[in-house]
Amino acid sequence: MMKFILALIMVLPLSFLNQFWLVQFVWMLMSFMFMVMFSFNYVYMYISYVFGVDLISYLMILLSFWICSLMILASQKIYYSYFYSRFFMFVVVMMMLSLILAFSSMNLFVFYVFFEVSLIPTLMLIVGWGYQPERLQAGIYMLFYTVFASLPMMISIFYYYMVNGSLDFYFLNAELNEGLLYFCMNMVFYIKIPLFFVHLWLPKAHVEAPVSGSMILAGVMLKLGGYGLMRMMVVFVTLGMTINYVFIGLSLIGGVMISLICLRQSDIKSLIAYSSVVHMGVAVGGLLTLNYWGMSGALMMMIAHGLCSSGLFCLANLSYERVGSRSLYLNKGAINIIPSLSLWWFLLCSSNMAAPPSLNLAGEVMLINSLLSYENLNMGILMLVSFFGAAYSLYLYSFSQHGKVYTGLYPFTTGNFREYLLLILHWLPLNILIMKGELLCLWL
């Protein structure tokens, strides 16, 4: 594992050469090299020092490689306008490094350290390259929400070390049955994923972030929360059986509430951000059932959502760069002007509503199975979440593509090769992976 980490550190000098495409090529190459090392098992592989990968961390690292390389492809505007492009590249490389170190660490404290470190480059992206003056407020929101819950987690990690004698994920044997420790240890992950009631930082951060910030937030940063919960639920199995139903109910009812909020959004980016909260709410609900279906479904949903949501943010940015606004009222009738881009809107919106053959469908079916086997009463809420998920995806597509074109638009280009390449690299893995869905269910 160290050779990949060292290779990433070697990419750092390239960021100062202002060679966006060179860095992207190196990352694409590394992601394909990493694919060859596929972890067909739940045991740790490629162990070195405190780093190693099992199936969950392997998939998360692969997703990080993919999304980070596509971030560079999406941020051509920064490169051409020389808007601190070298520093931007440096921040992206540092973010990639912190994510790889977080996901590949086999020790709880090392994971916690890099979990917190990954917050800093994200904050710099939002504050440095965001669009409106409110980006400062959005950055502070994100920082304080996370830090507020992460300090109790640090104390509980030290306490757990005293109880267990080891913080290696492989040796998390001693169970904790105190409700306070459950909250202290897991609240930071609930905020990160984010759970309903502690989700307010996410739409704000998404709306103010540049396209690269939105991509990494939706694609990988939210997955840190799910990944952390998957690792920590081992410690709270007995307590989880009694306390998790509160959080499952909260996440599902929150999913319905936020679906209704999606249906009245006029800002494209805000709608996609709120839909992220819905999808991750269902994922966290399935994960907390602590059964095999739920865990595999949550992992599948996290991968699918990372690709789908990131692709939708790219589409929103393409409209924003042309029209100069993210409002649905001004971005109407795009099918008359850019019909080829409308195809991508349709494909990604259909994936967002879990239509076949997207990976979202497989993840949603597994999560519905797990939640129904946990409690039959979840049926009604799941029906509503699925229905409203289709409703706001259709609303996004039909409102942005149909209707009368805004007459105050300036002439603009219909799209170039880079943009279509960016979209196809989101959509293809999302719809091809369902053919080998069993590979995402290989763990105990």
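Basis of the calculations
- Residues numbered from 1 in each chain as written.
- Predicted model: local features only at pLDDT ≥ 70, side-chain atom pairs only at ≥ 80, totals over all residues.
- Heavy atoms only, no water.
- Helix = DSSP H or I, 4+ residues; strand = E, 2+ residues; numbered from the N terminus.
- Rg over C-alpha atoms; globule rule 2.2 N^0.38 Å.
- Buried < 20%, exposed > 50% of the residue type's maximum accessible area, 1.4 Å probe, protein only.
- Contact = heavy atoms within 4.5 Å.
- Areas by Shrake-Rupley, 256 points an atom, 1.4 Å probe, with all protein chains shown as cover.
- Lys, Arg positive; Asp, Glu negative; His and termini not counted.
- Charge placed at Lys NZ, Arg CZ, Asp CG, Glu CD.
- Core = buried A, V, L, I, M, F, W, Y, C linked by side-chain atoms within 4.5 Å.
- Expected span 1.5 Å × (residues − 1).
- Arc of directions from axis to C-beta.
- Salt bridge = Lys/Arg side-chain N within 4 Å of Asp/Glu carboxyl O.
- Polar contact = N/O pair within 3.5 Å; in protein donor to acceptor, adjacent residues only side chain to side chain.
- UniProt positions renumbered as here; feature names shortened; annotations may be inferred.
- Axes fitted to C-alpha atoms, helices over the stretch in contact; angles between N-to-C directions.
- Parallel < 35°, antiparallel > 145°, perpendicular 65-115°, else oblique.
- Left-handed = near helix turned anticlockwise from the far one by under 90°.
- Nonpolar A, V, L, I, M, F, W, Y, C, P; charged D, E, K, R; others polar.
- Disulfide = S-S within 2.5 Å.
- Phe/Tyr/Trp six-rings, centres within 6.5 Å; stacked < 30°, edge-to-face > 60°.
- Lys NZ or Arg CZ within 6 Å of the ring centre and 35° of its normal.

(A) Broad picture of the overall build of the protein chain. Scanning the protein chain from N- to C-terminus turns up 19 helices and 2 strands. At 21 Å, the protein chain has a C-alpha radius of gyration in line with the 22 Å of a compact globule built from 444 residues. Expressed as lengths along the three principal axes of its C-alpha atoms, the size of the protein chain is roughly 65 × 55 × 40 Å. When each of the 444 residues of the protein chain is scored for burial, the buried share is 61%. Nonlocal contacts in the protein chain, meaning residues at least 24 apart in sequence, comprise 82% of its contacts between residues at least 6 apart. Summed over its atoms, the accessible surface of the protein chain is roughly 17000 Å², and 73% of this surface lies on carbon and sulfur atoms. Within the protein chain, one finds 16 positive and 13 negative side-chain charges whose respective centroids are separated by 14 Å.

(B) Region of the structure containing the nonpolar core. Trp27, Phe34 and Ile216 are the most contacted members of the largest nonpolar core, which has 166 residues in total. Here this core takes 17 residues from helix α3 (residues 55-74), the largest share from any one element. In this structure, Ile216 is in contact with Ile67, Cys68, Met71, Met95, Leu99, Leu125 and Met221, ignoring residues within four places of it in sequence.

(C) Spatial organisation of helix α2 (residues 20-36). The terminal C-alpha atoms of α2, which comprises 17 residues, lie 25 Å apart, in line with the 24 Å expected from a rise of 1.5 Å per residue. For α2, the full list of buried residues reads Phe20, Val23, Gln24, Trp27, Met28, Met30, Ser31 and Phe34. The buried residues of α2 occupy an angular sector of 165 degrees when projected down its axis, which confines them to one face. Seen from the open side of α2, the exposed residues pointing more than 90 degrees away from its buried face are Phe25 and Val36.

(D) How the structure looks around the side chain of Glu116. In this fold, Glu116 is placed in helix α6 (residues 108-117). Although Glu116 is buried, it forms no salt bridge, and the closest oppositely charged side chain is Lys192 at an N-O distance of 7.0 Å. Here Ser150 takes part through its side chain, which lies 3.5 Å from a polar atom of the side chain of Glu116. With near-sequence residues (within four places) excluded, Glu116 lies in contact with Thr146, Ser150 and Val188.

(E) Focus on the side chain of Ser156. For Ser156, the position within the fold is in helix α8 (residues 135-164). With residues near it in sequence (within four places) discarded, Ser156 still touches Leu181, Cys184 and Met185.

(F) How the structure looks around unusual backbone geometry. Residue Pro194 is bonded to the preceding Ile193 through a cis peptide linkage, with omega at -20 degrees. Mapping Pro194 onto the fold places it in the loop between α9 (179-192) and α10 (201-208). Of note, the phi angle at Tyr46 is positive, near 50 degrees, even though the residue is not glycine. Mapped onto the fold, Tyr46 is located in strand β1 (residues 45-48). Even without a glycine there, the phi angle at Tyr82 is positive, about 50 degrees. Tracing the chain through its elements places Tyr82 in the loop between α4 (76-80) and α5 (85-104). Using a relative accessible area of 62% as the deciding quantity, one classes Tyr82 as exposed.

(G) Fine view of the UniProt feature "domain: NADH:quinone oxidoreductase/Mrp antiporter transmembrane" (unreviewed entry) in the protein chain. The UniProt feature table records "domain: NADH:quinone oxidoreductase/Mrp antiporter transmembrane" (unreviewed entry) at residues 105-385. End-to-end, the C-alpha atoms of residues 105-385 are 35 Å apart, and along that stretch the chain is 77% helix and 0% strand.

(H) Up close: the pattern of salt bridges. The tally for this structure, following the rule as stated, stands at 5 salt bridges. A salt bridge links Arg326 to Asp267, with the shortest nitrogen-to-oxygen separation between them at 3.2 Å. On the criterion of sequence distance, the pair formed by Arg326 in the loop between α14 (292-323) and α15 (334-337) and Asp267 in the loop between α12 (237-262) and α13 (268-288) is long-range, its members being 59 residues apart. With respect to burial, Arg326 and Asp267 carry one shared label: buried. Among the ionic pairs, Glu419 bridges to Arg418, the shortest N-O distance being 3.5 Å.

(I) Structural context of the packing of helix α17 (residues 359-374) against helix α18 (residues 378-401). Running from N to C, α17 and α18 point in directions that differ by 160 degrees, and their axes come no closer than 9 Å. Relative to α18, the element α17 is oriented roughly antiparallel. Crossing of α17 against α18: the hand is right-handed. Across from Glu364, Ile368, Leu371, Leu372 and Tyr374 in α17, the residues of α18 making contact are Asn378, Met379, Leu382 and Ser386. Partitioned by chemical class, the residues of the contact of α17 with α18 number 6 nonpolar, 2 polar and 1 charged.

(J) Representation of the state of the cysteines. Taken as a whole and assessed by the stated rule, the structure comprises 0 disulfides. Of all cysteine sulfurs, the one in Cys349 lies closest to Cys262, which takes part in no disulfide; the gap is 12 Å.

(K) Seen up close, the packing of aromatic side chains. Tallying each qualifying case throughout the model produces 39 aromatic pairs. Consider the rings of Tyr182 and Phe236, whose centres lie 5.3 Å apart with planes at 80 degrees: the pair is edge-to-face. Here Phe236 lies in the loop between α11 (211-232) and α12 and Tyr182 lies in helix α9, a separation of 54 residues in the sequence. The class for Tyr182 is buried, based on a relative accessible area of 0%. Given a relative accessible area of 0%, Phe236 falls into the buried group. When the centroid spacing of 5.0 Å and the interplanar angle of 55 degrees are considered together, the rings of Tyr395 and Phe399 count as tilted. Separated by 4 residues within a single helix, Tyr395 and Phe399 lie in helix α18, roughly one turn from each other. Under the relative-accessibility criterion, Tyr395 is labelled buried at 15%. If you follow Arg231 out to its NZ or CZ, it ends over the ring of Phe169, 5.0 Å from the centre. Positioned over the ring face of Tyr320 is Arg326, at 5.7 Å from the centre of the ring.

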